[in-house]
Amino acid sequence: METKIKPKHTVTLESRSRALVTGVEKVIDSSATFINAVTSEGAFTVRGNGLHIVAFSEADGTLTFDGKVDRMEYTVGKKGLFGRIFK
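Since the model is a prediction, treat every value here as computed from it, not as a measurement.

1. Some remarks on the sheet that holds strand β2 (residues 18-22)
Okay, so step 1: Read across the open sheet, the six strands follow the order β1-β2-β6-β5-β4-β3; overall the sheet is antiparallel. The open sheet has two free edges, formed respectively by β1 (10-14) and β3 (24-30), since each of these has just one partner strand. Neighbour-to-neighbour, the strand axes of the sheet open up by a mean angle of 35°, direction not taken into account.

2. Some details on the packing of aromatic side chains
Okay, so step 1: A complete count under the given rule lists one aromatic pair for this structure.
Okay, so step 2: Both rings, one in phenylalanine 44 and one in tyrosine 74, keep their centres 5.0 Å apart while their planes meet at 45°; by these two values the pair is tilted. Of this pair, phenylalanine 44 sits in strand β5 (residues 42-57) while tyrosine 74 is found in strand β6 (residues 62-75), placing the two residues 30 residues apart along the sequence.
Okay, so step 3: Accessibility expressed as a relative area gives 3% for phenylalanine 44, which makes it buried.
Okay, so step 4: Look at tyrosine 74 and you get partly exposed, because its relative accessible area is 40%.

3. Some points on the pattern of salt bridges
Okay, so step 1: Evaluated as defined, the whole model comprises three salt bridges.
Okay, so step 2: Close ionic contact of aspartate 70 with arginine 16 constitutes a salt bridge, the shortest N to O distance being 3.2 Å. On the criterion of sequence distance, the pair formed by aspartate 70 in strand β6 and arginine 16 in the loop between β1 and β2 is long-range, its members being 54 residues apart.
Okay, so step 3: By relative accessible area, which is 43% here, arginine 16 ends up partly exposed.
Okay, so step 4: Across the salt bridge formed by aspartate 70 and lysine 68, the nearest N and O atoms sit 2.6 Å from each other.
Okay, so step 5: Among the residues examined, aspartate 70 registers a relative accessible area of 40% and is labelled partly exposed.
Okay, so step 6: Residues joined by salt bridges that share partners form a network here, namely Arg16, Lys68 and Asp70.

So, how was this worked out
Residues numbered from 1 in each chain as written. Predicted model: local features only at pLDDT ≥ 70, side-chain atom pairs only at ≥ 80, totals over all residues. Heavy atoms only, no water. Pairing = 2+ DSSP bridges. Helix = DSSP H or I, 4+ residues; strand = E, 2+ residues; numbered from the N terminus. Axes fitted to C-alpha atoms, helices over the stretch in contact; angles between N-to-C directions. Phe/Tyr/Trp six-rings, centres within 6.5 Å; stacked < 30°, edge-to-face > 60°. Buried < 20%, exposed > 50% of the residue type's maximum accessible area, 1.4 Å probe, protein only. Salt bridge = Lys/Arg side-chain N within 4 Å of Asp/Glu carboxyl O.

Below, the structure is given as structure tokens:
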């Protein structure tokens with residue numbers, strides 16, 4: 001049996017205006033006010049203004065973005081509406 005190793009996840013934020021995130025598996029959605037991604041540590045959301053993805057590499061799991069960051073949060077184990085209805 002193969003054991004999958006989780007990629008290392010880090011967040012480096014410079015002056016609340018530029019960030020490098022590693023361990024990113026995919027970017028779900030983004031706009032000028034939010035970025036939703038899946039990391040090796042769970043769902044990751046960034047909220048702010050003027051957010052812009054500078055680069056994303058699914059191959060090495062790095063995401064770089066800029067803009068004013070107001071909030072970063074993780075969601076682990078939360079189910080959506082259909083997940084709660086159809087347990």
